Each structure stands twice: as structure tokens, then as C-alpha cells.
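Structure assessment
If you want the building blocks of each chain, they are given just below.
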Amino acid sequence: MFKSSNKSTGLRLALAVGVCVFVGGGAYWAHAQSNPIPLSPQAQAGQKLFFDTNLSASRKMSCASCHDPNNHYAPSNAQPVQLGGPNLTTPGFRAVPSLTYKDLIPAYSDDATNPDNVSTNAPGGGLTWDGRANSLAEQVSIPLLSSFEMANTSQAAVVQVVQNASYAALFKQAFGADVFNNPAAAFTDVGLALQQYQLEDPSFHPYSSKYDYAFLVELSNGKPVSLTAAELRGYNVYLQPDKGNCFACHYNGPMVGGGGALFTDFTFEALGAPRNTNIPANAVRPGLPVTYYDLGLCTAQNPTAPHVLPSSAQYCGLFKTPTLRNTGTRQSFFHNGVFHSLTDVINFYNTRDTNPSAWYPTVKGVVQKFNDMPAAYQADLDSVDVPFEGLPVGGTPHMSAQEAADLQCFIETLTDGYLEGVTPQDPKCIN
């Protein structure tokens, strides 16, 4: 809805070509180093915090429990929401996002400048699905104090755990000998330590995918890397405004202020994902009305831009555009984890409008399109961006089946940890 169909085809293709030029010159890509710089004391403390299960009321959940380092800091299961709370039995409300490639996300603004410096200003930036936090450090307090996540009763309770931890001396080295004298300040330092760890440790932003090696013309495992014919066709689908148009939101060009190829523009979109009845909060008894809707950005309480209905109604249904990097390894997609395969996600984008009955329930012969949003806010859901573009029911989708398959092949090249000659090649993505 806020997106830029105003990026011209010429600009997009120029940027696409320019990526090779900019990247080949090493202008803005920050690759993980083969001999990484040792972590600072603050980052070392953050690393200890990240894996400490004692920082949860259950004493069984750490940051790494949901943000698994072995799965690109995303959940390693297919559950739409994760279980937390004092006994690890309390379900959450949203799918857990990956923590990779968060280092360049700016603070939230209702009128954010798009990173491409061309698209119209729109809501953008911030952490979490609804931009509630302005920094990685600020975001930390959400899971630590949430009753359905780590469920600590107070900031002081968190600080007490750190003070009693085996790494307390390291925390003092990082933040001062008197750090525990002021629990509120020490809690802020916990957030800063975790932020520093994510900023300094290259595993959070490694740029080590097949795409990176191919476009940087770098060697992987001592060998040159090239995309296959199917992957290159998929990249074309990703770029083309009249096909996938993924570039419009999952922007991979150079960014204002430096950086690039993040495959997101930090903005928010209202896509109308189907309601996920496997989330306990979404469950309803037969014959009874729905009592809970996740309204997204319109109720987000960002510290500098709190949204309160009804004045924020235009933001209902908007959720953060995540990076496409490593999505090939995810098992739950969208803010409500309603899809469990990349194939379904692509097909939903392609046929939501042309074949809505494939995605939404039918009640008394009527397809309940946009069934996860109250009727009063459904007008805000996207219908003008390709690949949706307001196509009629029964119309021809923008992508053919082959083009959709090729697009998936390209997205799979964005998975980090690629080793030429070792990482298996998807056999469907060769010719």
C-alpha cells in the first residue's frame, strides 16, 4: 500500500547492473573475514548473554533457543509461534524472525526515507514485525520481559542473574566495576552487550551465499561460482516489475548511508496473509465471533512513534518486510507463520487475487478473503503492487509456473554458508 510502484523499470535494471559494478569494486559489501577481528569485551559479554538459559524464568530458554545459530539465527522448527513463559508452555503470538542482517536497520519512522532514495517516504525501520524497537539494544527488553517468552518479572531480576553468572567479571570489565549498583542502567547495558555481539560477530551478517560469491566474482572453497540458467532466470523474475517485482520491497541495490544487497528496504506491507488457526490466540469456537486480530503496525508502541487507534487505522495490517536472505531454510513464513514452504509463499503472492479460494476459507459459498483482518481495515490491504496488482478472480497471474519455480531457485542462492562443490545443488534449479 505504501510501496513504490514509482521505481521505473529503467532505474531497476540500472541498479541491477550497477550491483555488479559497485560490488565488484568492493564499494559497499561487508564480507565476513577469514580471520575475524576478536570481539570487544562488550560483545564477548553479549555472546555469553545470548546463550545463557538462566536469563529466562524457566531457566531453559536463551536467545539462541529461538534464534538458532545453526539455522541462521531463526527457529529450527516449523512451529508458527514458539513456546515460552515460566514453564515453556505459553505460546507466542507471532513467528520468530531471523536475527541476521539487522545491523543496518534504522530507527522507526512513520515517514522513513526509502533506502533506494527514490521511492516515496513511508513507514519504515525499527526492529520486530511492527517496528516497536529502534535498535537491537532496545529490542532486547521485549523477549526478556515478555510473559510468553523469557518471562522475567523485572529488569532487576535479569540483572541479578547476570550479577550471579560466571561471566559477571567480564560484564564488569565491559561496563565498569560499579555496573551492578544501578539495576536500571545495568539492564540497559545487557541490551547494549547483546547488540554489540550481533554487530561484531560476522555470523549475523556473513554475506556468504552463492549469490554473493557469484556477483562478487569471488572464489568459494577455492573455486569460481556461477549461477545456473534457472537461477539467472529467477533473478530476472525477481527484478521484473511485471513479473515477481520482488525488488520493489526486497531491495538489493546500494543504500543511502552505505551498505547494500540486504534484500529488504525496511518498509512495511499489508499483504493479507491468511489467518493461521494453529496459533492458539487465533482459535475460535464454532459459531462464535473472532475475538483476537493481530493488527500489526497500527497498534505498535514504538517509543518515539506510538500508534493509537483510531488515528493510526491506516497502518493496520502492515508488517515489516524481512530480508530474503536465508529464507530458503525457513520453515514458517510471514508474521503469523501460516505458510511452511517457500513454494507456497511464492504461489500465494502470485495467485492471491486470481485464485483466492486456494488460500482463504469459503463460508456459504463466499471466499473469506483477508480473513485475518477486521472488515473495517481490509481496504488498507495491498492490491496495487505486482504481483497482486488487483488482478481479477480467474485472471492470469503475472508469473507462469516456470517463472515461479525459477524465482524460488534464485531465492535459494541467498542462503549463507555456501561452499562450491560441497553445498548440494537443487536438481530442479539447473537448466
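Everything in this summary refers to the structure shown in the same document. Keep in mind it's a predicted model, so treat the numbers as computed, not measured. (Residues numbered from 1 in each chain as written. Predicted model: local features only at pLDDT ≥ 70, side-chain atom pairs only at ≥ 80, totals over all residues. Heavy atoms only, no water.)

**Here we look at unusual backbone geometry**
Applicable threshold: Under the scheme used here, helices are H or I runs from DSSP no shorter than 4 residues and strands are E runs no shorter than 2 residues, and both carry numbers assigned from the N terminus. Think of it in three bands: residues with accessible area under 20% of the maximum for their type are buried, residues over 50% are exposed, and the middle band is partly exposed, with areas taken using a 1.4 Å probe on protein chains only.
With an omega dihedral of 10°, the bond running from Leu309 to Pro310 counts as a cis peptide bond. Looking at where Pro310 falls in the secondary structure, it is placed in the loop between strand E9 (305–306) and strand E10 (319–320). Despite not being glycine, Ala151 has its phi angle at roughly 60°, a positive value. If you trace the backbone, Ala151 turns up in the loop between helix H5 (141–145) and helix H6 (155–164). Since its relative accessible area comes to 11%, Ala151 is described here as buried. Although it is not a glycine, Lys364 adopts a positive phi angle of roughly 50°.

**Focus: the state of the cysteines**
Working definition: the covalent bond between the sulfur atoms of two cysteines is a disulfide. What counts here: Here, two cysteine sulfur atoms that lie within 2.5 Å of each other are counted as a disulfide.
Scanning the entire structure with this criterion turns up two disulfides. Sulfur-sulfur distance for the disulfide between Cys298 and Cys316 comes to 2.2 Å. Handedness here is read from the sign of the S-S torsion; for Cys298 and Cys316, about 85°, the answer is right-handed. Residue Cys298 is located in the loop between strand E7 (268–269) and strand E8 (301–302), and its partner Cys316 is located in the loop between E9 and E10; the two are separated by 18 residues in the primary sequence. Residue Cys298 is classed as buried on the basis of its relative accessible area of 0%. In this structure Cys316 comes out as buried when scored by relative accessible area, which is 0%. With a sulfur-sulfur separation of 2.0 Å, Cys409 is cross-linked through a disulfide to Cys429. Because the torsion about its S-S bond is -80°, the bridge between Cys409 and Cys429 counts as left-handed. With Cys409 in helix H12 (residues 401–412) and Cys429 in the segment after H12, the pair connects residues that are 20 residues apart, well separated along the chain. The two residues Cys409 and Cys429 agree in class, both being buried. For the chain, the bonded cysteines connect in the pattern 1-2, 3-4 when numbered consecutively along the sequence.

**Digging into the packing of aromatic side chains**
Defined as follows: Note on aromatic pairs: the rings of Phe, Tyr and Trp (six-membered ring only in Trp) are paired at centre separations within 6.5 Å, and the planes decide the class, stacked below 30 degrees, edge-to-face beyond 60, tilted for the rest. In this analysis the charged atom, NZ for Lys or CZ for Arg, is taken to sit over a ring once it is within 6 Å of the ring centre and within 35 degrees of the ring normal.
According to the stated counting rule, one finds 35 aromatic pairs in the structure shown. Where Tyr101 meets Tyr207, the ring centres are 5.0 Å apart and the plane angle is 80°; that geometry is what we call edge-to-face. You can see Tyr101 sitting in the loop between strand E2 (90–91) and strand E3 (109–112) and its partner Tyr207 sitting in the loop between helix H8 (183–200) and helix H9 (210–216), a full 106 residues away along the chain. On the basis of an interplanar angle of 15° and a centroid distance of 5.8 Å, the ring pair of Tyr235 and Tyr238 is categorised as stacked. Here Tyr238 and Tyr235 lie together in helix H10 (residues 229–239), a separation of three residues that amounts to about one turn. Residue Tyr235 is classed as buried on the basis of its relative accessible area, which comes to 7%. Of note, Arg275 hangs over the ring of Tyr293, and the distance from its end group to the ring centre comes to 5.1 Å. For Arg325, the ring lying beneath its charged end belongs to Tyr101, and the centroid distance is 4.9 Å.

**Quick notes on helix H7 (residues 168–175)**
Note the threshold: This arc describes the spread of directions from the helix axis toward the C-beta atoms. Any two residues whose heavy atoms approach within 4.5 Å at even a single point are treated as in contact.
Burial in H7 covers these residues: Ala168, Leu170, Phe171 and Ala174. One face of H7 carries all of its buried residues, which in axial projection span an arc of 160°. Summarising the geometry of H7, the exposed residues directed more than 90 degrees from the buried face are Ala169 and Gln173. On its buried side, H7 packs onto helix H2 (41–50), H6 and H8. At the exit of H7 stands Gly176, carrying a positive phi of roughly 110°.

**Thoughts on the pattern of salt bridges**
Basically, it comes down to this: We define a salt bridge as a side-chain nitrogen of Lys or Arg found within 4 Å of a carboxyl oxygen belonging to Asp or Glu.
Within the structure shown, the criterion is met by eleven salt bridges. Between Asp212 and Arg325 there is a salt bridge, with the nearest N and O atoms lying 2.8 Å from each other. With Asp212 in helix H9 and Arg325 in the loop between E10 and helix H11 (342–351), this residue pair connects regions lying 113 residues apart in the sequence. Note on Asp212: relative accessible area 0%, which makes it buried. Given a relative accessible area of 2%, Arg325 falls into the buried group. Where salt bridges share partners, they join Arg94, Asp130, Arg132 and Asp294 into one cluster.

**Concerning the nonpolar core**
Let me state the cut-off plainly: Definition used in this section: a nonpolar core is a set of buried Ala, Val, Leu, Ile, Met, Phe, Trp, Tyr and Cys residues joined via side-chain atoms within 4.5 Å.
One finds Tyr238, Phe334, Phe339 and Leu407 to be the most contacted residues of the largest nonpolar core, which totals 59 residues. Among the elements of the structure, H9, H10, H11 and H12 are those that each provide at least two residues to this core. In contact with Phe334, not counting residues within four places along its chain, are Ala95, Trp129, Leu271, Ala273, Phe339, Val345, Phe348 and Tyr349. Listed in part, the 34 residues of the second largest apolar core include Phe50, Met150, Ala168 and Ala186.

**Digging into the packing of H11 against H12**
Cut-off, in case you're wondering: Axes, fitted as lines to C-alpha atoms, cover a helix only where it is in contact. Angles between the N-to-C directions of the axes lie from 0 to 180 degrees. Reported orientations rely on four angle classes, namely roughly parallel under 35 degrees, roughly antiparallel over 145, roughly perpendicular from 65 to 115, and oblique for the rest. Two helices crossing with the near one rotated counterclockwise from the far one by less than a right angle form a left-handed crossing, whereas a clockwise rotation gives a right-handed crossing. Under the grouping applied here, Gly and all other residues not named as nonpolar or charged are polar, the nonpolar ones being Ala, Val, Leu, Ile, Met, Phe, Trp, Tyr, Cys and Pro and the charged ones Asp, Glu, Lys and Arg.
Look at H11 against H12: their axes get within 10 Å of each other, and the N-to-C directions meet at 130°. Here H11 is positioned oblique relative to H12, judged by the angle of their axes. For the element pair H11 and H12, the recorded crossing hand is right-handed. Contact residues: H11 offers Leu342, Thr343, Ile346 and Asn347, while H12 offers Ala404, Leu407, Gln408 and Ile411. For the contact of H11 with H12, the residue count by class is five nonpolar, three polar and no charged.

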